[in-house]
Structures are given as structure tokens and as C-alpha cells.
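# Fold and contact review
This is what each chain is made of:
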Amino acid sequence: MKNIPTDLLRTFVTIKDLGGFTSAGELLGRSQPAISLQVKKLEEILGVRGRMID
């Protein structure tokens, strides 16, 4: 079992709920590039490659 940082999970769920990286960043107080980096980090931890939402 992998330990996934809570902030990365929160970012992922917010992207899913709001339908995009930009709106998730606005809600979480981060820039769109910062959100993208968090998703990349999550993908690396899980060993998967996702597809862009927005």
C-alpha cells in the first residue's frame, strides 16, 4: 500500500468535482501550473499516466 499525501488527493478530488485544473486551482488557492505539478506527482506515486481534464 502506498502513502499518498492528503494534499494531492484533495487536489485530484477538486479537479474531478469542478471539472478542470484552472477552477480547482482557484478554489485551492494555487495556480494552474501548480495544480498540474501536483497531478504529475500523484501520477508518479501511483505509477500511472492520466489524461488531462481541461
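Now for a look at the structure at hand.

The rules behind each value
- Residues numbered from 1 in each chain as written.
- Predicted model: local features only at pLDDT ≥ 70, side-chain atom pairs only at ≥ 80, totals over all residues.
- Heavy atoms only, no water.
- Helix = DSSP H or I, 4+ residues; strand = E, 2+ residues; numbered from the N terminus.
- Buried < 20%, exposed > 50% of the residue type's maximum accessible area, 1.4 Å probe, protein only.
- Contact = heavy atoms within 4.5 Å.
- Expected span 1.5 Å × (residues − 1).
- Arc of directions from axis to C-beta.

This paragraph deals with the overall build of the protein. Secondary structure summary: the protein contains 3 helices and 0 strands in total. Going from N to C terminus, the protein has its helices and strands arranged as α-α-α. Viewed in the frame of its principal axes, the protein has a C-alpha envelope of about 30 × 20 × 20 Å. The burial tally for the protein puts 24% of its 54 residues in the buried class. Put simply, of all contacts in the protein between residues at least 6 apart along the chain, 54% involve residues at least 24 apart.

Between its terminal C-alpha atoms helix 3 (residues 32-46) stretches 21 Å, which fits the 21 Å expected from 15 residues at 1.5 Å a residue. Within the sequence span of helix 3, burial applies to Ile 35, Gln 38, Val 39, Leu 42 and Glu 43. Seen along its axis, helix 3 keeps its buried residues to an arc of 140 degrees; they face one direction. Opposite the buried face of helix 3, at more than 90 degrees from it, the exposed residues are Leu 37 and Glu 44. Lining the buried residues of helix 3 we find helix 1 (6-18) and helix 2 (21-28).

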